Number of protein chains: 4
Amino acid sequence: MSTDDQSIGERLEELYGDMADVHMQPLWTQTADLMPRTPKSAAVPWLWRWSTMRAIAERAGELVAVGRGGERRAIALANPGLSGKPYVSNTLWGAVQYLGPHESAPNHRHSPSAIRFVLEGDGVWTTVNGDACDMHPGDLVLTPSWSWHDHNNNTDQPMIWFDGLDLPAVIALDAVFFDPEPPSDIQQLEGAHNKSTRVYGGRGLLPLDDVVTTPGQSPLWVYPWADTDAALTNLLAERGGPMVSMRFVDPTTGRSAMQTIGCEMHRIVPGGPAIPVRRTGSAIYVVYRGTGHSIIDGQRFDWAPGDMFVVPSWAAAEHQANEPSDLFAVTDRPVLEALGLYQEERLTAPQEVTSRFAG
Amino acid sequence: MSTDDQSIGERLEELYGDMADVHMQPLWTQTADLMPRTPKSAAVPWLWRWSTMRAIAERAGELVAVGRGGERRAIALANPGLSGKPYVSNTLWGAVQYLGPHESAPNHRHSPSAIRFVLEGDGVWTTVNGDACDMHPGDLVLTPSWSWHDHNNNTDQPMIWFDGLDLPAVIALDAVFFDPEPPSDIQQLEGAHNKSTRVYGGRGLLPLDDVVTTPGQSPLWVYPWADTDAALTNLLAERGGPMVSMRFVDPTTGRSAMQTIGCEMHRIVPGGPAIPVRRTGSAIYVVYRGTGHSIIDGQRFDWAPGDMFVVPSWAAAEHQANEPSDLFAVTDRPVLEALGLYQEERLTAPQEVTSRFAG
Amino acid sequence: MSTDDQSIGERLEELYGDMADVHMQPLWTQTADLMPRTPKSAAVPWLWRWSTMRAIAERAGELVAVGRGGERRAIALANPGLSGKPYVSNTLWGAVQYLGPHESAPNHRHSPSAIRFVLEGDGVWTTVNGDACDMHPGDLVLTPSWSWHDHNNNTDQPMIWFDGLDLPAVIALDAVFFDPEPPSDIQQLEGAHNKSTRVYGGRGLLPLDDVVTTPGQSPLWVYPWADTDAALTNLLAERGGPMVSMRFVDPTTGRSAMQTIGCEMHRIVPGGPAIPVRRTGSAIYVVYRGTGHSIIDGQRFDWAPGDMFVVPSWAAAEHQANEPSDLFAVTDRPVLEALGLYQEERLTAPQEVTSRFAG
Amino acid sequence: MSTDDQSIGERLEELYGDMADVHMQPLWTQTADLMPRTPKSAAVPWLWRWSTMRAIAERAGELVAVGRGGERRAIALANPGLSGKPYVSNTLWGAVQYLGPHESAPNHRHSPSAIRFVLEGDGVWTTVNGDACDMHPGDLVLTPSWSWHDHNNNTDQPMIWFDGLDLPAVIALDAVFFDPEPPSDIQQLEGAHNKSTRVYGGRGLLPLDDVVTTPGQSPLWVYPWADTDAALTNLLAERGGPMVSMRFVDPTTGRSAMQTIGCEMHRIVPGGPAIPVRRTGSAIYVVYRGTGHSIIDGQRFDWAPGDMFVVPSWAAAEHQANEPSDLFAVTDRPVLEALGLYQEERLTAPQEVTSRFAG
């Protein structure tokens, strides 16, 4: 209890103690931490090497069965800045998924949304709500929120792809639902493969009378590499280098193919200085083709096919290629845009390299 | 002036006369005419034969120069029900446009929107705001409201296409602006042909950072036949016959490629009974490929390639093909949808044919 | 038939005749008429005097019963430029409606949308889909497209209001439906009067879980004069004179209260030069309070309470008040905006008066 | 290094160690934790007593100056389940802010959005971008993302209000910007107080030509209690009890007044069983008037004026009043809705009380 002859300091200490007792906290002692001048992400820039990841995935393929419970043989990238959480950033989860010959990953659904970007192997399909979506290298396959999905490898070779999920964001929003009790472990196929492509894959054309789809969810679930490659070639021809960037969209709205995950493809050619950009929100880059390097907040990361790296929120990032290179990326940009929080800033000069990644 | 011993009839007559003097009219004597139970269009179902139109267009090609003032060698379809107005329906203007070898139609712009659907010839381009849009048979080319456009035939053959405009609707809205004073009669080209395709023609992909475009206007201006054909083939494979229908869309929104003109393509294969549909709003059909017939409010119209016919508002229409057939159509459906006035009704049985078109 | 020695003129005449035979018309002879440089409305500026209209309405009240068939004792304003059509402009229908003591106008519904703006009388209500909407002077009452509505005067005084409909536009679009067969001639009331106000009349507040309403249609059907007056007073206090303008909106979207009719209220105070504005689209102004004059394309119209006047499309219009004045207006602006056709131009100087209205 | 005679278990352990070394983690060992069947929020239901909070706030008023650096004398509610973080839930920050007589809290701006709900005192204003917004008990005042704001108490009494921010969500998205360097510590006022109300506070009326505002941000910044009270009275009259709920909206769009914070007001009257509802997303309730209790996941919380309590995501919550009661609430529902993650479930029967809050 406070008395008249207590010092202010003592009375304050007592006040803070009393606050703590009733689960209250003063704002004024922590304003600067809660409200930095610009975003201070705990996530750090980092790169995961394909050779390392592939070897680990292969060992997991030998030792771990795929099945109900564990659900997927996915190995998550854990940002060293995030205290052991299996997240690439505060909002994005990324992983290498390995499916051995003649294996299947069982059917389930969840409120987090997921994308697959194929790195190795051919002849696998992901069945999404009854539609078998074929997967070839460079293809992007969507499994929207709450859609049933299982993965099937009917070939004699393993298949490896990148998994990108909005899981950390959905966890932060306390909105994860998971349903592991499908009608069957592997979905029955409804008709021939790639139905979503046949109906919604037209270029500038949609069915006159659209089947009603879920608002915010693309009814097109496969984006084949051939189309992506052609679009990049055209845009590069029109705009010139050193870098052109496209986003994968829902053809029925022109908005992001996923409501909570931005999917992008960047083609970089040698030449010309890169322009560093800061953006609110984070991104995972997956090198699909080519070699080069990126400078992220002054740290240089050299990359080669299959490598993956993260650009945290508001980190300055610039990319340069040694040869024509294609980088796939997932971001949380649609989330930030939907909430009025997206910002970007183009720096006026390339960054100085202050360190090199030695991961 | 009315007096006490006038009959009610006399007094009413006097009242109506006095109303007319001050530019007023009673509603109650004309309610039924103004408000019919269902739409009663003055436009009648009609068909124009390709052989007739082509011959007329060729004669015009010999006799009439293309140039400033007349602006275009376009021959409009005039619905016999519309009292001599050069309109296909109350909202749609349709024409055959003929451009001879090495002719150009000069640059202008107007608030009405226009589409071109190519019927004969190859190697022509329409320049839209500096972008040369190549035209091949079956291609759809847009010239959005207030965009500069000129047509250029650098070949030794004539070119014929269908012109579809929203002109009657824009006239009804007293909103026509026309600007015949371009910087030059033929636009300077900005870079290589088909820029809009290179930037916005990706399948499920758009530039990451879109150039700002005019709201409601597609930045994609060419929809090549090869893409249309592929999309119809896919949709037919998925949904089966006898008819599948697609709409041309703005890839940045998924909405109608033109804000005031619906552009559709219908593929019809033999077999199965047609289902008659009534819709608010009118449509001009252009037979691109195949033969068959349509029944419109009980009247049978047999059609062959190049023929054009009109389905007036709320007329029951059904289509049957003798062989795989493709029908392009322009409609006013986006207008009716934007205003909350679109309705459709599927009839339960094919119509009885009560007459045959002998136009 | 053409022969070699025919002149070009003869051959052209023959061609035009052959075109007419097959219901075709050359564009090039009529380009300028179809596409004027700026909108050339057939509608002319005009003013209808309240004293004249009221007297005519009263006589109609004596001579014409209200009932099924004629449906409404509404006397339409017929623009002298529109060849005898009962329209104020190409898109708007306006009328004075007179409902005598203890009369009812029977229940019906139609696809055209209507608004009522009350000029004289009190204690009447319009029942809209079962909700009795009370009507006092200065109130705006909506009857959205296809809503059941009947009018009821349970008082000993006549009631007069202005009716504004989109009827000419809906006729031009061949989309009029009319249903004169309600369950009963006068609707049963569902609960107390003014339900729409209780649910949707909050200021900045809406029910947490909205009842699903028809897209594009306001679920709020009454806009009382007291609210309108207060809003104008506030806006004038903030922005100053000589004129402030507000639009009536759907509180669930902030868009026009009617999808096809713009409803506006203008308060004008003496002082300061008026700024002439041209707009695509037409407007009917109804003087609710005050006196002043408007100059429309150089013609001066003096106005007093109850007078109504029309500003055709693209006519320059400016307004000046002798005393604080309130002008209600209906327009077709939402139609033009929805179709990308709305334009406006502010002139740099007041117009010279070239004539005076002597209607 | 693995050898042939290692057991699977040993090899797995080695694999997991190697993964950790390269910052990777197996998904299959943590699937259930990452993806629970329904949301498992770390936040717990909790209630903070007004008497406690008020006493603490008063003591802070004596001991702590308001000024640059600490910025605000706000005392945050810290959910006991959130490991010492000063958050009410994963997405919401709530606090009691105390401003003594003749004190001002200095001008700053930040990307997190904030609302104020006034509990005690009168005559204070918050200046938002130059507009002084007066604050009375029951008023809601908005300070949208990145708007300058300072608080000013020119009276002889203290003022206490509830602060609600989206801060935890914006931190989770790594998107906090803070700008403590305004042109002056206290903003110059632009004209009379409450400008936003004069322009955007009309009921069903907006300025004809809107000033361009920031997309997603309401240009109306004050929602006076008198309007809220009237709206609740009307809705309760129409819908009946025991509970009616309204949301505060942006009058230009009908959407949530804040893009990232749902603001709600609930009126509860005695009688009738409460219906428990689960919702994704959390809510802070602030008792403005009345007494009653809420049952949250089986735990009973009795409440009185000024008390605040939290309903975590997917907790079943029901409310009952002893007398007519008004509860203000802030939620993250607009965030969940914008991302396609909003779900709700109405339980079929009231919950059994399994414990009582003894906080």
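Now for a look at the structure at hand. Being a predicted model, the structure only gives us computed values, none of them experimental. (Residues numbered from 1 in each chain as written. Chains lettered and ligands numbered in written order. Predicted model: local features only at pLDDT ≥ 70, side-chain atom pairs only at ≥ 80, totals over all residues.)

1. Overview of the interface of chain D and chain A
- At the interface, 71 residues of chain D touch 71 residues of chain A.
- Elements with a contribution of two residues or more to the side of chain D that touches chain A: α1 (8–21), β1 (24–26), α2 (31–34), β2 (46–48), α3 (50–63), β3 (74–77), α4 (167–172) and α7 (333–338) of chain D.
- Among the residues making up the side of chain D that touches chain A, the classes are represented as 42 nonpolar, 21 polar and 8 charged.
- Sheet analysis places strand β3 (residues 74–77) of chain A next to β1(D), joined by 3 bridges and oriented antiparallel. Counted as the bridge partner of Leu77(A) is Met24(D) from β1(D). (Contact = placed C-beta atoms within 7 Å. Helix = DSSP H or I, 4+ residues; strand = E, 2+ residues; numbered from the N terminus. Nonpolar A, V, L, I, M, F, W, Y, C, P; charged D, E, K, R; others polar. Pairing = 2+ DSSP bridges.)

2. Some details on the interface of chain A and chain B
- Taken together, the contact pairs 30 residues of chain A with 31 residues of chain B.
- Looking at the side of chain A that touches chain B, the elements that each hand over two or more residues are α5 (195–200), β13 (205–207), α6 (225–239) and β15 (243–248) of chain A.
- Top element by residues in the side of chain A that touches chain B is α6(A). It accounts for 7 residues.
- When its residues are assigned to classes, the side of chain A that touches chain B shows 14 nonpolar, 9 polar and 7 charged.
- Pairing of β13(A) with strand β15 (residues 243–248) of chain B, which is carried by 3 bridges, proceeds in the antiparallel orientation.

3. Here's the deal with the environment of Trp221(A)
Residue and element names in this part refer to chain A.
- Structurally, tryptophan 221 can be placed in the loop between β13 and β14 (222–223).
- Considering only alpha carbons, one finds tryptophan 221 and cysteine 133, 88 residues apart in sequence, at a separation of 7.3 Å.
- What tryptophan 221 contacts, discounting residues up to four positions off in sequence, is Val128, Asp131, Cys133, Val141, Leu142 and Ser196.

4. Details of the pairing of strand β4 (residues 93–99) of chain D
Residues and elements named next belong to chain D.
- Counting buried residues along β4, 7 of its 7 residues qualify, which places the element largely inside the surrounding structure.
- Where burial is concerned, the two faces of β4 agree: the one with Trp93, Ala95, Gln97 and Leu99 and the one with Gly94, Val96 and Tyr98 are both buried.
- For β3 and β4, the ladder comprises 3 bridges, and the chain directions are antiparallel. Bridge pairing in β4 links alanine 74 to glutamine 97.
- Pairing of β4 with strand β11 (residues 159–165), which is carried by 7 bridges, proceeds in the antiparallel orientation. Across the sheet, tryptophan 93 pairs through a bridge with leucine 165, a residue of β11. (Buried ≥ 20, exposed ≤ 12 C-beta atoms within 10 Å, placed from the backbone.)

5. Regarding α3(D)
- For α3(D), which comprises 14 residues, the first-to-last C-alpha distance of 20 Å matches the rise-based estimate of 20 Å (1.5 Å per residue) to within 8%.
- Those residues of α3(D) that sit buried are Trp50(D), Met53(D), Ile56(D), Ala57(D) and Ala60(D). Each buried residue of α3(D) sits inside an arc of 135° when the element is viewed along its axis, so together they form one side. The outward face of α3(D), more than 90 degrees from its buried face, is lined by the exposed residues Ser51(D) and Glu62(D).
- If you follow the buried residues of α3(D), they end up packed against α1 (8–21) and β1 (24–26) of chain A together with β2, β3, β4 and β11 of chain D. (Expected span 1.5 Å × (residues − 1). Arc of directions from axis to C-beta.)

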